[in-house]
Amino acid sequence: MCGITGWISYDQDLTRLPGARSTLDAMTATMTCRGPDAGGAWLDTHAALGHRRLAVIDIEGGRQPMLVEHDGRTHLALTYSGEVYNYRELRAELEAHGHTFRTHSDTEVVLHAYLQWGEDFTGRLNGMYAFALWDPRTEELLLVRDRMGIKPLYYHPTPDGVLFGSEPKALLAHPAVRPAVDAEGLAELLAFTKTPGHAVYKGMYELRPGHTARVRRTGLTVRRYWGLEAREHTDDTATTVRHVRELLDDIVTRQLVADVPLCTLLSGGLDSSAITALAAKGLADAGRGPVRSFSVDFTGHTDHFKADALRPTPDGPYAHALADHVRSDHTDIVLDTAALMDPAHRDAVLTARDLPIAGFGDGDTSLYLLFKAIREQSTVALSGESADEIFGGYRWFHDPATVHADTFPWIAAGVADHFSGEHSGGRVALLDQGLLAKVDMAGYQDARYREALAEVPHLPGESGLQRRMREISYLHLTRFVQMLLDRKDRVSMATGLEVRVPFCDHRLVGYVFNTPWSMKTFDGREKSLLRAATRDLLPAAVADRVKSPYPSTQDPRYAAALQARLRHVLADPDAPVRPLLDRAAVAQALAADAGDSFRSATEVVLGIDTWLRGYGATLEL
């Protein structure tokens with residue numbers, strides 16, 4: 001993986017501009033954790049490109065920014081983050097066209113693919129990527145993001161060009177950018193919507209998945225090169241199951257390519273178990289293996305587990321059953337409450353994410369600690385992320401009231417507030433009511449929902465449940481999954497771990513998106529197609545396990561520790577979050593009998609306070 005950054009300035013000669021190199025170095029340095037192995041910078045008359053490298057393929061030859069030069073002149077310059085899984089096939093095709101290569105990296109393949117096919121080369125790439133390609137011949141910059149938005153890419157237009165980077169912190173390191181957030185930005189931050197293109201900070205944007213941005217002297221133009229389309233599904237159930245399996249076999253095999261240690265993330269659920277089993281099979285077929293797998297657990301969690309409506313079973317027994325079944329080299333990463341509440345760990349997560357995005361609670365911190373432990377033994381991990389969005393795995397997909405609610409289904413299901421208690425007011429319960437009135441979170445959510453519905457592609461005559469379930473699927477694949485992919489990318493890259501998500505292969509996503517809902521639930525359960533396609537690889541108990549989300553600590557000391565942190569913030573007269581709080585609600589949260597009722601809301605407050613302190617962010621409401 002890697003981190004990219006830079007800017008274009010048509011009104012200045014950056015090679016002669018005092019401070020240009022130091023500014024580029026500062027922007028690049030913000031992403032050292034994304035690329036701990038090497039750094040690079042390149043300045044041209046109007047372009048500055050920075051790069052931090054996590055070496056995964058062609059350790060020696062893949063340094064960046066990478067150039068194509070001829071007769072002493074630079075024809076193209078590229079700063080690139082990601083993996084193109086079909087780069088070997090593309091390389092062979094390009095060699096047939098007369099291209100020669102000096103490295104074995106996928107980065108160089110991307111450069112030559114652009115030389116051969118121009119901007120249309122995006123349609124040939126299979127992978128996860130975000131990159132910036134500068135053409136000195138035309139003085140144009142091309143920003144590209146992968147189809148599903150696995151890798152992030154932000155940009156900030158300027159009067160004479162653009163700034164860009166893998167993360168907002170890279171852009172914020174440039175003197176032209178201020179960390180300011182207006183009412184709409186705060187609504188985006190709190191509303192649990194993840195609007196495509198929205199970056200929260202004023203003047204900053206996130207390039208949408210499947211889009212390019214072309215920057216010229218005349219301005220910036222955004223173009224979509226891929227999106228979900230409605231197509232008639234003509235395969236019967238047996239053929240569909242078989243094709244899903246064929247795709248998964250090919251996808252996982254491609255994503256096992258790495259010149260560094262590789263592993264899987266294993267929770268014991270259907271998704272991660274399927275990926276681990278497919279990886280074990282792929283490695284065995286290639287004469288490699290066994291597959292390494294890692295799980296997260298909390299001290300005493302399995303022994304003292306209490307089932308609830310969200311999590312009916314602990315992960316441990318199922319993860320171990322799958323690991324034994326495929327004979328993986330398995331490790332449990334066991335965390336305790338002290339580690340979850342360690343300010344250094346919580347601050348590291350906030351720094352990784354650039355924003356106080358709560359809702360996952362201790363899940364963010366535990367994920368960071370899990371990845372940090374894995375990184376000591378592996379550089380690449382395969383994850384089961386996105387299977388629920390693709391195959392219809394969440395419970396609310398199967399609840400008629402939620403399905404037909406006139407809002408985002410995860411909001412109707414109360415996902416963001418599952419820690420916050422029945423009557424606590426949710427994740428914004430501790431914020432001042434006047435502030436919330438300015439933000440108008442409900443109105444913002446409704447507007448974003450209407451926009452999303454208007455985008456959904458439909459087949460002619462499509463109606464009833466099939467039409468609505470296509471909408472539900474689209475909402476999850478373009479909004480909800482973006483929250484999870486962003487979380488996974490930021491937290492993993494904060495530890496220098498590359499996480500690959502096989503279920504996000506665009507071929508699989510497009511195929512299953514057009515599969516009728518009745519076929520996706522043909523056995524009367526969630527994720528029918530995935531279960532049927534991989535059942536032969538899994539123990540029966542794992543294949544039939546009911547969905548259980550990423551685990552959360554049940555240690556009551558965690559809620560008590562949150563209360564203590566909140567009390568400490570209130571005692572600080574200079575705490576920047578204090579003016580934003582509802583004092584009466586905070587008093588309730590600090591009551592001895594509050595328990596977990598304000599857990600999510602407290603996480604939000606503590607996150608905002610740390611963010612305002614660390615980033616010097618200003619709220620312009």
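Residues numbered from 1 in each chain as written. Predicted model: local features only at pLDDT ≥ 70, side-chain atom pairs only at ≥ 80, totals over all residues. Heavy atoms only, no water.

Draft legend 1. Just the sheet that holds strand β15 (residues 292-298), in detail. The strand order across the open sheet built from five strands is β16-β15-β14-β17-β18, with neighbouring strands paired in parallel fashion. The open sheet has two edge strands with one neighbour each: β16 (329-335) and β18 (498-500). Strand-to-strand, the axes of this sheet are offset by a mean angle of 30°, without reference to chain direction. Against the sheet, helix α7 (residues 270-285) makes contact with β14 (262-265), β15 and β17 (380-382), and its axis sits at roughly 155° relative to β14, the strand it touches most. (Pairing = 2+ DSSP bridges. Helix = DSSP H or I, 4+ residues; strand = E, 2+ residues; numbered from the N terminus. Axes fitted to C-alpha atoms, helices over the stretch in contact; angles between N-to-C directions. Contact = heavy atoms within 4.5 Å.)

Draft legend 2. Highlighting the confidence of the model for the protein. Across the protein, the average pLDDT comes to 93, with 96% of residues at or above 70. Within the model, pLDDT remains below 50 along residues 419-423, and this stretch shows 14 contacts once partners closer than five positions in the same chain are excluded. (pLDDT = per-residue confidence, 0-100.)

Draft legend 3. Region of the structure containing helix α18 (residues 506-513). Counting buried positions along α18 yields seven of eight residues, so the element is predominantly enclosed. Of the residues making up α18, those classed as buried are His506, Leu508, Val509, Gly510, Tyr511, Val512 and Phe513. Packing partners of the buried residues in α18 comprise α6 (237-254), α12 (387-391), α17 (464-493) and α19 (517-520). N-cap assignment for α18: the residue whose side-chain oxygen lies 2.9 Å from the backbone N of Arg507 is Asp505. (Buried < 20%, exposed > 50% of the residue type's maximum accessible area, 1.4 Å probe, protein only. Polar contact = N/O pair within 3.5 Å; in protein donor to acceptor, adjacent residues only side chain to side chain.)

Draft legend 4. Main features of the pairing of β14. Covered by surrounding structure in β14 are Leu262 and Thr264 together with Cys263 and Leu265, the residues of both alternating faces. Pairing of β14 with β17 involves three bridges; the strand directions are parallel. Paired with Thr264 across the two strands is Leu382, which belongs to β17. In the sheet, β14 pairs with β15 via two bridges, with the strands oriented parallel. By the bridge assignment for β15, Leu265 is matched with Phe294.

Draft legend 5. Expanded view of the packing of helix α16 (residues 441-455) against α17. Running from N to C, α16 and α17 cross one another at 115°; their axes reach a closest spacing of 10 Å. The angle between the axes of α16 and α17 places the two elements in the roughly perpendicular class. For the pair α16 and α17, the crossing hand works out as right-handed. Two secondary-structure elements touch here, α16 through Tyr449, Ala452, Leu453 and Glu455 and α17 through Arg468, Glu471, Tyr474, Leu475 and Arg479. Among the residues making up the contact of α16 with α17, the classes are represented as five nonpolar, no polar and four charged. (Parallel < 35°, antiparallel > 145°, perpendicular 65-115°, else oblique. Left-handed = near helix turned anticlockwise from the far one by under 90°. Nonpolar A, V, L, I, M, F, W, Y, C, P; charged D, E, K, R; others polar.)

Draft legend 6. Structural view of the packing of aromatic side chains. Summed over the entire model, instances satisfying the criterion amount to 17 aromatic pairs. Three or more aromatic residues link up through ring pairs in this structure, and these residues are Tyr394, Trp396, Phe397, Phe408, Trp410, Tyr449, Phe480 and Trp517. When the ring centre of Tyr444 is taken as origin, the NZ or CZ atom of Arg448, which lies over that ring, is 4.5 Å away. Lying over the aromatic face of Phe513, Arg470 brings its terminal NZ or CZ to 5.1 Å of the ring centre. (Phe/Tyr/Trp six-rings, centres within 6.5 Å; stacked < 30°, edge-to-face > 60°. Lys NZ or Arg CZ within 6 Å of the ring centre and 35° of its normal.)

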